[in-house]
Structure formats: C-alpha cells, structure tokens
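# Inside the fold
Each chain, letter by letter, is given below.
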Amino acid sequence: MSKHPGFVFRRPDLARNIVDGLAGAGIQDYTSGLFLAAPRRTGKSTFLREDLIPECETRGWLTVYVDLWANKEKDPADLIASAIAGALVPYEKGIRKLAKSMGIDKLSFLRTLSWDFSQPQLPEGATLTQALELLHRAADKTVVLVIDEAQHALTTEAGVNAMFALKAARDQLNQGREGDTSGLRLVFTGSNRDKLAHLVLSRNQPFYGSSITPFPLLGKAFTQAYTFHLNAHLAQTNQFNADDLDQAFELVGRRPEMLRSVIGEIALELGEASHLGELLRNSAEMLRAGVWTEFESAWNALTVPQRAVLQVMAERSQNNEPFAPFTDSTLEAVGKVLKNMGSEVVPGTQTIQSCIDALREKELVWKSNRGGYALEDKAFAEWLKGYRKQQN
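Scoring rules and cut-offs
- Residues numbered from 1 in each chain as written.
- Predicted model: local features only at pLDDT ≥ 70, side-chain atom pairs only at ≥ 80, totals over all residues.
- Heavy atoms only, no water.
- Helix = DSSP H or I, 4+ residues; strand = E, 2+ residues; numbered from the N terminus.
- Buried < 20%, exposed > 50% of the residue type's maximum accessible area, 1.4 Å probe, protein only.
- Contact = heavy atoms within 4.5 Å.
- Core = buried A, V, L, I, M, F, W, Y, C linked by side-chain atoms within 4.5 Å.
- Salt bridge = Lys/Arg side-chain N within 4 Å of Asp/Glu carboxyl O.

## Comments concerning the overall build of the chain
Helix and strand content of the chain: 15 helices and 9 strands. Relative to its 392 residues, the chain shows a buried fraction of 49%. Summarising the internal contacts of the chain: among those between residues at least 6 apart in sequence, 68% fall at separations of at least 24.

## What about the nonpolar core?
With 48 residues, the main nonpolar core has Ile80, Ile147, Met163, Leu166, Phe188 and Leu199 as its most contacted residues. The dominant element in this core, judged by the number of residues it contributes, is helix H3 (residues 76–88), at 9 residues. Counting 28 residues, the second largest nonpolar core, distinct from the first, contains Met313, Val337, Cys355 and Phe380.

## Brief notes about the pattern of salt bridges
Tallying each qualifying case throughout the model produces 16 salt bridges. A salt bridge links Asp148 to Lys44, with the shortest nitrogen-to-oxygen separation between them at 3.5 Å. Taken as a pair, Asp148 in strand S5 (residues 143–148) and Lys44 in helix H2 (residues 44–58) lie far apart in primary sequence, 104 residues in all. Look at Lys44 and you get buried, because its relative accessible area is 4%. Salt bridges sharing partners connect three or more residues here, namely Asp20, Glu55 and Arg59.

In short, the description is geometric, and any link to function would need to be established separately.
Structural data, given as structure tokens:
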C-alpha cells in the first residue's frame, strides 16, 4: 500500500503471495526466512504495516514489528528484545500459568516470577529463543517477527549476536512443525540490497545460503489509481494524464513520497490540461537533479584514489556482487580505474584501507560490524554510471 491524504493503494495479491510463501504453501518458499530489499521510500515499510501484517493476522498469526531505524541511539539488539517484550505484555497472566505448567527449569529467567511487565524489556538472562518460545506458547499462534531495516543489526556486535539468536530460535521453534503449526517465521527488510546481503552471503553470517528477494516497485496500477484520485478533485478541463504521472513517477525512482512532493510543487501553478504534463515532468526532473547535484558535489570532493575505489564498489553494486576490498581482483580493478583516470598510483591494501576510511567519514560507504562494505546509498551507483557516460 502507498498512502497520501485521502488516497490508499492496496496490494493484497502481493501480501497473499508472500504470506503463502511464509506458510510454505506458495510458489516460493520463505519458511526459513524472507529477505526483502527495496530502495528507501518506495512504499516497503508502509506495505509491511498496512498489507503484509494484516494478512498475517487474518490467518491467525501473531506479528511483532520492529524498525531498527526507529531509534538509532539504541543498539539494534535492544530494539528487537524490546519489541518481543512488548508483544508478551498482553499475555502476562497466561505466562505465569505457563511458567508453572512447563516447569520452572525450562524458564529459568522466570525463576522468581518477578518480571516487571510494565517495562518494555526482557528479564535479565532471558534469551530471544526463550522469549519467542514463551510468546508462541502463550498466544498459541505462529509468531511472525518483522524486522524493518534489518541490515542495521550488523553495525554492532550485539546486533549480529541477535541475528544468530533469531536463527537459533527459528530452528528450535519450527522443529517438527509445518505451516500454520510452526512456531516462528522471520521477515527481514532492507533499503539497501548490498547491506542486507551481508546477512546471507558469507559462512560466518547467521543466514548464510538464503537469498534476497527484490520488493516489487509500484507500477502503473498505482499511478492510474492516483491519477483518478487527483482528477476527482480537479475541474473537468484541468485533468492529469495517467501516462504523464507515470513518467514523473519513474523520474523520481518510483517513490510515492517524492511524487507527492512533485504534485505539491505544481499545485499552486496548475495550468490548463495541456500544460500539466510539462509541469509534472519539469518538477520531477528538478527534484531528481537536486539529489544528483548532491552526489556530484560529494564526488568532486574526493581524491582520485578515493574515486577509483568508489567506482569499483559502485560497479560491483550494480552487478549485485560483494565488495571484498583486499583481494587481488579488487586491487587490479582499482589499479585499472586509476590508470584510466591518468593516475600513476599503484594501489596496495593500505591505499584501499585509507580510501575506505575516508569514504566512510564522508558517509558514502557503510561497514558492517564484521568488516563487510557496501555503498551507503545504492542510488549513488546509478548516478555515477550516468555521470561517467556524460564525461566520455
């Protein structure tokens, strides 16, 4: 779903297909976890809250949602634990009965039964597996844990450990169970595919072997519905054309919020119908140009070696390839780019490291807690590709 004042666009078929996959009954199997990637502000988080979570609840599942960007001051691990603790609060009475019926040894963290349910945190010593097992038993439902911007967990050691704990919880709660009788389903989303991929790419990551699923961007069905909504508030002689709106939507990266900004920009100067398409296009191009200008300013402020490293990283990002900074292939690729730039610098590992450190300081490159690297904003790779074409 994408939302504007008075306008709601729902995607029920997409939600049903995904939940079928989580249940193990769809064309794609997401029972081991769904890793959903899409650029920021393309409607992903809204879809989770307004379409996916309601569909899960319609099937009798209990959903727990946590956004790891909601509070960047808190460790991601604490945010996850707090969300689970909050989900347990409505089941306080049932939990105390469970503690006695299950045997206190299995719930050692409730040994004194002194858990303060008014606080959004788990008791000291409680593991995520214990908490999720308790939630599953108390609610008597499949638990779906939805973690938005999950890649942020990789920025701290505690966050990484929480990811491993969730994998352990998934394995324990789903053992011997299938479909609607399973204990836990996991949904991870990220606004940067390269960052999210660090959860699944290497053997030392918790969900090694899983794959990233691209989130389908909003298409013409959205712009047609939005055009109909807008035109209902305009004079018959002053109507938007759905194709014009879709072209503007494409220019701003199919981001609903940015399209709304474009509409807002031209609202004060609405002309005749023949002029609306031009106004839309010009406003969308100006909005995109503003973002591109920021990228160009950042690029111009870099040294030649820093540009070379960033270019190689951008190229691999567009090919969905991981960036391993100190391999022979990376050194060779950076050296080739430097040579094409007219530089005589022969890159070594120290050169690469100093460039990466500088790029991180400029907030162009992201680093996981375990040393993985990715572009901070993947849109930079798209801009750089176009910029280089213009220069050649």
